[in-house]
Every structure is written in structure tokens, then in C-alpha cells.
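# Coordinate inspection notes
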Number of protein chains: 2
Amino acid sequence: MKLRASGLGKNNAYTKRLNRQTVLGLLRRDPAQSRAELARVTRLSPQSVSNIIGDLEQAGLIEPAGKVYGGKGQPATNYRIVAERGYGIGLHLDRDFVRATLIDFAFEPKARLRSTLTTSSAKGVQAALGRLIDKLITKAGISPDLVWGIGIASPSLRDERVIDTESLEGSLWSALHSYEIDRRLAHDKGLPVIVENDANAGALAEATFGKAQGLRDFCYLFLAHGFGAGIVHDGALFQANAGEIGRLQIVHEGKTVLLESIVSIEHLLDRLGASGSARDREAGFAGLVEARRKETEKWIAQSAPHLRWLVGTLENILDPETIILGSDLPEWVLDRLIELAEPLPHNIALRSTRTAPRLQKGLLDRDMIGLGAATMPLLATIEADPASRWKISGTVFDVFHGLDD
Amino acid sequence: MKLRASGLGKNNAYTKRLNRQTVLGLLRRDPAQSRAELARVTRLSPQSVSNIIGDLEQAGLIEPAGKVYGGKGQPATNYRIVAERGYGIGLHLDRDFVRATLIDFAFEPKARLRSTLTTSSAKGVQAALGRLIDKLITKAGISPDLVWGIGIASPSLRDERVIDTESLEGSLWSALHSYEIDRRLAHDKGLPVIVENDANAGALAEATFGKAQGLRDFCYLFLAHGFGAGIVHDGALFQANAGEIGRLQIVHEGKTVLLESIVSIEHLLDRLGASGSARDREAGFAGLVEARRKETEKWIAQSAPHLRWLVGTLENILDPETIILGSDLPEWVLDRLIELAEPLPHNIALRSTRTAPRLQKGLLDRDMIGLGAATMPLLATIEADPASRWKISGTVFDVFHGLDD
DNA sequence: GTGATTTACTCAACTGAGTGGATTTAGGTA
DNA sequence: TACCTAAATCCACTCAGTTGAGTAAATCAC
């Protein structure tokens, strides 16, 4: 039966795809489940689940993972995702460098690379990214055919550059948009390419690897050169243009300014008198921050009240389950920021059903954003209800293809 | 085939229900469409649509609405919703009064009533609401059996009262929550009762009757005694605890205060020196506002910058298609507020794909909130993808019941 | 006018999704 | 050893939407 895509009406083929994706999604999130267990969760009949499991196994997406003894009745056969069945590549494009990560279908990181980009021409960047991807695949020791796609996270994603264009000129993400590097890369590699902003990728990473696992409503604040937020509501990411928290107007010392003119690494580095390569993340502004600890503390003291205000604002508008603060700053800076943000405003977030902290530190992995980016092609390939409706260059694989004939 | 509700897996029965709801939803939003047209939109086969149309007609939900001549080929038979097939009742509970509205299945208002509540005991309120509903049904001249449910909109909806409890004590909505009037009313009337906050109900009303028709992402700001927002994202309402914009912290004349301590009718009335019944909406604070125009202008001048800030803040966080300002204040006050809110902040909302104004005035119907509340039981009964996952007391009718045997 | 053309709609056979009851399997338990 | 329980399967079945042939009723071209 043909699947009539993108229509409002649903047919059996659609249902089948949905159920396959649902079962696969459950196995991905919680490894090792039996047919009977899946039937209970999905409320499908054991027979249907059995058929689906058979299909997925035939497609090489899952495999048996031993039997469970100890209970009454016949022991159940557990199944798990076949980690080596597919891979996702994530590129984190920052101002001065690129980090590339590769994760397998079990969402385990397999290889990482970083590279400082010397060229700033769009064509040069395109070529450099292509080489980096090849190198990453080689390093992981996998077949290029098994890569399902490429996710790109860049600091700013706007369909139009109505603001601060000058600060973007000549940068990587300028090339990304004006030169359509994503489309060209998709063509070069024959793979789907998905672009997101860094904060959204970070939110995906926290949802997959970090503090937001299992949460359906949360905010991820990414304190970088700028200050952005990835907002997840009802399990889905907000579109790229939302979450521009750095551009919120605040009053600082009597003057109305943008939040990120205070709360951003950019501003911290200004205060520390950093210049040239000392501003680069790779060259290690972390060292500078350590060396100028006193001045950094002052910045923290100044920023914390604004963070407190931001938490209250986001809570009042969005009522998330938790707010996660991520950054490449040293851990003690984040700890201190969160510490000084207390006491958080008295508002609805104080409800007794709360389980997660109102404000917490994110994972500290430096490849966080790249990891999130790497999940995108995997999610786009297998998820029934993808975290977001991404703009995708190229065509996503149909992992179920060939099962029906 | 049995529908296995609330499971993750889908079966044929689920698909059938979904397709029926989809077709019905299309006919509701755009009256008079033919089978062939619906088949094109839904991407279902003409045969399937024909079957569905047959079912819906047999259930009395739709009826033929004439043939379309003029084009080539056989003229198409249009169908439309049967307006008299069902009704929704909306109650707008404010501090000092209740407005009740009844709309038919074509979402046309059929009867309105208002009542000042003298009693404040929970039991008394319950009884009064019951009588008001009966009166409304009588006034509309319809059979009580045809009412599909009751929607209640109240100024504040919080699952717990962690804030400002004293200002809620003894009020209608205090009774609503602590005494569970919704549950009791559902039991009394044998009807499903759905509770929402007033701003969310207003957002529903704008989406159904007003400026937000066809929009999937917008904010509705409801400037009342307090200041709340209904947020619609991807066609769905945010849960009740979100949108508490009145509790955002702003800096006013050097002091940090809550937004609604300035931008709210409560504060305006304070400034106008209103007391007692002059504060009531029904007794007409509008007259007072007119009489004290100069002082009102001052309040507007003071509030507008905060409104400007709020628009920028919401845009940066949520990136809505439009922001709608609703209120019971006189029209000129809203016009002036919006006028003085210009120039709006320079941000991503300036994108060229914009079609709706960034900030606009909502419908001025005084029953706006009640109308939105009245849509809730109708939507809950027929929508495939309900605007929100409401907490519903009682059981929603199954309008398709009896079709399958 | 007349016939070709176009479009709406229907009939009846069909495909294939999940279902349900009987059955087999394989461990625990008395 | 005999019984119980739960997992998994066999197979006939139900009933979604689909398909393709066919009919009805309008407009269009000459």
C-alpha cells in the first residue's frame, strides 16, 4: 500500500510506519525490551509487535539481546538497537574552529575531531568541512555508506540577517547561509544535512545524553560568545528563530542594554582585556579566566542577578520542568553563577510536583553541541515524532525500505 | 475493531477516527467543501472520503449544502456542518460577575447572559452557575441534550497557589479550585467541564473568531485586572501555568516591580482612585476611564514602554507570527497603547516573510473570553488534534458512537 | 444540437494493517 | 513429576483505505 505522504489523511501504510517507528524509538530509549513488554507499552497486540520486531530485525536495525530468566512463564527474549547499523555526524561550527563528532545508532560517541579553520572563504570552508568529515569517518573506522547524515550546529541561525549583520560578516555561519554550504555539502557527500543553531543542538544533547533525559519541557541556556536558548516544549524543539534570549532588554546599572552585552563570554573577555587569539575558545580562554579569577568573579557577581531574572522570566512565560545552563566556561564559573543566582524568584515554578532543579548546570562535555548536532540525522531517520521539523538538505534514508515487497 | 486508546501504537480503528475527525475539522474551518476537494486536501482516495462523508452525514454532523455549477464536469455536492447538531457553553468567571455564552456547532454565538454573583460560598457559586446554565439553554431555545459540554475560563489557574494566595481568597476561582466546582458541575449536569485560564480562552477565541484565524503561532495578551498571556505554538495552547506575563519583573522608575503592578486595569483603577463598585467591570469602569481621560493618558504613557519591552521579549523568546492585545478597556485606550508602543524593538520579528502586524488589537467583543471558553467543549468533542490536552471533568461525548456496528 | 471532454462520484473486488483465539514453548513452583 | 504461568507463534479473521472500472452530469467545441 502506498504511503501518501504529507496529506492530512492517514492510511494503513502510514500506521505501519508509525508503529515501526514507535517500537524502534522505545528500543532506542530503553535498551533491551521484550516483545511482550513492548506490546503492553504500545497497546498493540503481541502478534503485531512480533511482526514489527521481525521486520526491524530483518532490516538489521535490532537484534536479540539474551533471554530474561527468573520470572514465571517462558523467558522473554529482549531486543536491542544494533549500534553499528548507522551513524550520525555532528559539526559544531564556531567562530574560529569546528568540532566534529560521530555517534552510532545507539547514540554512543565513537570519534571526535577538532580543527581550526584558517580560510574564511565559503568555498574553502565547504572543502575543509568535507575533508574533516572524511577524516572523522576514517578515524571511526566505519564504512561511509553507514553514515545516515550530517548535523550542523552554528552559533546563529536566522533566515534573514536583520540584526547585527556586521558582526557576522566573513564568519563561518555567514558562509553557511549566504553560500548555502549545507546544500552543497549534502550534494558533495550524498547525505542529508540538517542545520540548527547551537543552543538548540545543545538542548538535543541534554535531552539525549544529559540532564533533560525524559523531560518534555525544558530550556537549555547556552552561554557562549553570545547567549542563546534552546526551548523544548511537549518534546519538540522550538523553531530556530525562537530562544534569542541574548537579545532580551535588561536594565543594567540604570541603562537599558541587551542581556548578552553583559551575560556572554564575549563581554567577559572584554572585561579581561583579551585580544586576538586569547579570545579563541581553542586557544583556551579558559586559561585566561583562571588567571584573572578576581575579575571573573566580578563579572559573575554582575551577571548572576540577570541570570536570576532570566530564570524567572522563562518560568513565567514557558513554565519549563527545568532550566539547564551550558557553557564552555570552567565548571567553577557555572557553579558560582548558579549559586549566586539564588534565591530564585518566588513564582509558579515552586510547585510541589517539581522533580528537577529549577536551574542546573548542563553536561560539561566540550563536544556537547556537536553531539547534539550528530543526533539530528539519526532522529530524522528513525523518529516517528521528530524533535523538530528541520529544514533538511538532501534526502533522509528510508531505513524501512525494501521490507515491503 | 476496538480502539485501544492512549497507547503509543496505532491501529485501523484509530486511523478511521482520525480521518473522520480530520474531514470534520476541515468542514468546520471552511464551510462547504465537496468530496473531491476534501480528497485532494487529505490525500485520501475519493472513495474513502466518500465513505467518511457518508458516515458523518448519517451521524447528523454534516449535511449537503447545494451543488457547485459553473466548472467543467459534473457539479460537486458541497457539504457543511449541521450547526444545530451540538452546542457549547462557555462561562467567563471574573472577580465580580459571570458571563455565559452559548455557541452552536458552526461556532456561531446563539445566546449570551451575564450575572453578578452575590454569594461567594463555593456551594452557592455552584448552584448559581447551574441555574445560569439552565437559563442560557432556555434562552437559546435548544434541547439540553444537545449541549456537548461546558468550558470555564477564570482569571487565574494554578494547580497550586504558591503565590498571592491572599488576593484569591474568597473569590470565584478560589472556589473553583479548592471546592472543585468543575467536577461538581460536571456531575450535576452530566456534561464534560473544561477549565482554562482567561488568557488561554481569549487565545482560543481569537483563533476561532478573531485576528488569529489560521495562525499556528501567536500570543494573546489579556489586559484585565491582571495581565496574562495565552500562547499558541504549532497550533496548540501552552499549558495553563505558562503565560504568566504579569509576573515578569521589570524596572519602573528605577525600581524592580512586577509588570502587572503597572500594566493592569487594577493599577489603572488605583491611579484613578476607584473604589468599591467603581472597580467592577460590570458597573462600568469604562465610564470612569472616560471621565478621567487625562489621568488615563498618563497611565498609558507609562505603560506603553513596558508593552514595547514585552513585545520584544516575547518575540525574542517565542518568535510568534503576531501578538494580539485584548482587553475590556475602551477601544481608544488600546489604540493609544499600541500607538505609543511604537517603535517596536529592532529584532528578528522584522523578517520579510511577516504578514500579520507584530502587535495588534484583538476583537472587542465583551464576551470574548466566554466565547473562547465555549469553543473548548466543541473542540474537545470533534478535534483530531485538540488545541490543548485539557483536564476534563466528566466524559466527552463520542459523536461517532453507533456508526460502527 | 451533438459529441467530446471533464469532473464527481460509486460499485465491487482487493491489499494489507492489526486482531483474537487456540496452541506451543519453556521456564518456575508445589 | 505434575501443574502453573507467561512468552511467543499459527492462522483465520475483520475492516481500514485503495484500486480500477464504470456511471452521471455538467461544460466546451464545432
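As a reminder, the structure under discussion sits directly above these lines.
Being a predicted model, the structure only gives us computed values, none of them experimental.

Thresholds, definitions, all that
- Residues numbered from 1 in each chain as written.
- Chains lettered and ligands numbered in written order.
- Predicted model: local features only at pLDDT ≥ 70, side-chain atom pairs only at ≥ 80, totals over all residues.
- Heavy atoms only, no water.
- Least-squares fit on C-alpha atoms with pLDDT ≥ 70 in both.
- Contact = heavy atoms within 4.5 Å.
- Pairing = 2+ DSSP bridges.
- Helix = DSSP H or I, 4+ residues; strand = E, 2+ residues; numbered from the N terminus.
- Axes fitted to C-alpha atoms, helices over the stretch in contact; angles between N-to-C directions.
- Salt bridge = Lys/Arg side-chain N within 4 Å of Asp/Glu carboxyl O.
- Buried < 20%, exposed > 50% of the residue type's maximum accessible area, 1.4 Å probe, protein only.

## With respect to the relation of the copies chain B and chain A
The operation relating chain B to chain A is a screw motion whose rotation component is 180 degrees, with 0.0 Å of axial translation and a residual RMSD of 0.1 Å. The transformation just described matches what one would write down for a two-fold rotation axis. Looking at chain B, 100% of its interface residues are interface residues in chain A too, so the copies touch through the same face.

## Observations regarding the sheet that holds strand β1 (residues 33–34) of chain B
Residues and elements named next belong to chain B. Taken in spatial order, the three strands of this open sheet run β1-β3-β2, and their pairing is antiparallel. The sheet is open, and its two edges are formed by β1 and β2 (62–68), each paired on a single side. Bridge analysis of β2 against strand β3 (residues 76–81) gives five bridges, and the strand direction is antiparallel. Bridge pairing in β3 places I62 opposite I81. Those strands touched by helix α1 (residues 12–29) are β1, β2 and β3, and its axis lies near 85 degrees from that of β3.

## Some details on the pattern of salt bridges
All names here are of chain B. In total, this model carries 41 salt bridges over all chains according to the counting rule given. In this structure, D234 engages R216 in a salt bridge whose closest nitrogen and oxygen atoms are separated by 3.4 Å. Placement of the pair is D234 in the loop between β10 (227–233) and β11 (236–237) and R216 in the loop between α8 (198–208) and β9 (218–223), with a sequence separation of 18 residues. Residue class for D234 comes out partly exposed when judged on its relative accessible area of 30%. For R271, the salt bridge identified is with E295, shortest N-O distance 3.1 Å.

## Brief notes about the pairing of β3(B)
Sheet topology note: the β1(B)/β3(B) ladder contains two bridges and is antiparallel. Among the inter-strand pairings, Q33(B) is bridged to a residue of β3(B), identified as Y79(B).

## Side note on the sheet that holds strand β8 (residues 193–197) of chain A
Residues and elements named next belong to chain A. Strand order in the open sheet formed by six strands is β6-β5-β4-β7-β8-β16, with mixed pairing between adjacent strands. Edge positions in the sheet fall to β6 (109–116) and β16 (392–393), since each of these pairs with one other strand and no more. Against the sheet, helix α8 (residues 198–208) makes contact with β4 (87–93), β7 (147–154) and β8, and its axis sits at roughly 100 degrees relative to β8, the strand it touches most.

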